[in-house]
Amino acid sequence: MRIVRSAADLPPAEGSVGLAPTMGAFHEGHLSLFRAARAENDTVVASLFINPAQFAAGEDLERYPRDEDRDAQLAEEAGVDVLFVPALEEIYPPGFQTWVEVEKVGSVLEGEHRPGHFRGVATVCLKLFNLVRPDRAYFGQKDAQQAAVIKTMVRDLAVPVEIRVCPTVRDDDGLALSSRNASLSPEEREIALALPRALHAHDRSLLNGLEVDYFEEADFGPRVLAAAVRVGKNRLIDNVVLEGEPR
Ligand code: AMP
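Owing to the predicted nature of the structure, the values given are computational and were not obtained by experimental measurement.

(A) The sheet that holds strand E2 (residues 17–22), seen in detail. Spatially, six strands are ordered E1-E4-E3-E2-E5-E6 in an open sheet, and the strand pairing comes out parallel. Strands with a single pairing partner mark the edges of an open sheet, and in this sheet they are strand E1 (2–4) and strand E6 (162–166). On average, adjacent strands in this sheet sit at an angle of 25 degrees to one another, irrespective of strand direction. Bridge count between E2 and strand E5 (residues 136–140): two bridges; the pairing is parallel.

Here is the structure:
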């Protein structure tokens, strides 16, 4: 596996290219995307870029976990050919002023509670698509609204990439894997288990006592029941698909 820090150093495409955009701190959720890309493409690129534009002031940008050596090892084992770790200035050159706003699907639920979040996500993904030029890009159903935002952008702007959405990977206790789970104390993790349980049972009352940002159905192609809760310093999101398979 090659670690590439500048788009100019990306190897010329040989056959089909699959890209999995990430912010690092890899777990089995990320690895499932890499493996799906490995199965469907000649070249697999994983990007690792902690995107400041998708964090609002006061969110956890500074304490977001970072361990590139560990990530490189895991990515290589999962079949990644190129780990693309662009510098901030490559994604946002001086004078940067162009943003992608996916108006409707990006404004509800997560978009309502994290203003500007999906503008940052859509913009960085389009930029990564333009730098890497993948045939297919891989996202997790864990972030169902993000996948819907990206699919909408790709359709609206005729971006030449196929979006593939992979199922949510969970721990044995049902908690969806997330880079943010590592900062849960054992007690907080026990409390956090109410989130998958409430979603699975379609029963909001199981979240009584927790600070709930939302617990709502939405059509993110597929329809999902999605929720966000705060546990201590952490904000956790999860969803269950209500009908059909992730498209
Ligand atoms: P992140 O590094 O958190 O931005 O996530 C990178 C990609 O991994 C996104 O497409 C996420 O939806 C996906 N992902 C994160 N957690 C999981 C999970 N538990 N199962 C499946 N995909 C996931």
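The discussion continues.
(B) Region of the structure containing the packing of aromatic side chains. Within this structure, the stated rule accounts for seven aromatic pairs. Note on Phe129 and Phe139: the rings are 6.5 Å apart at their centroids and 80 degrees apart in plane angle, and the pair reads as edge-to-face. Separated by 10 residues along the polypeptide, Phe129 in helix H5 (residues 117–132) and Phe139 in strand E5 bring together distant segments of the chain. The two residues Phe129 and Phe139 agree in class, both being buried. The rings of Phe49, Tyr92, Phe96 and Trp99 are connected pair by pair, giving a single aromatic cluster.

The rules behind these values
- Residues numbered from 1 in each chain as written.
- Predicted model: local features only at pLDDT ≥ 70, side-chain atom pairs only at ≥ 80, totals over all residues.
- Heavy atoms only, no water.
- Pairing = 2+ DSSP bridges.
- Helix = DSSP H or I, 4+ residues; strand = E, 2+ residues; numbered from the N terminus.
- Axes fitted to C-alpha atoms, helices over the stretch in contact; angles between N-to-C directions.
- Phe/Tyr/Trp six-rings, centres within 6.5 Å; stacked < 30°, edge-to-face > 60°.
- Buried < 20%, exposed > 50% of the residue type's maximum accessible area, 1.4 Å probe, protein only.

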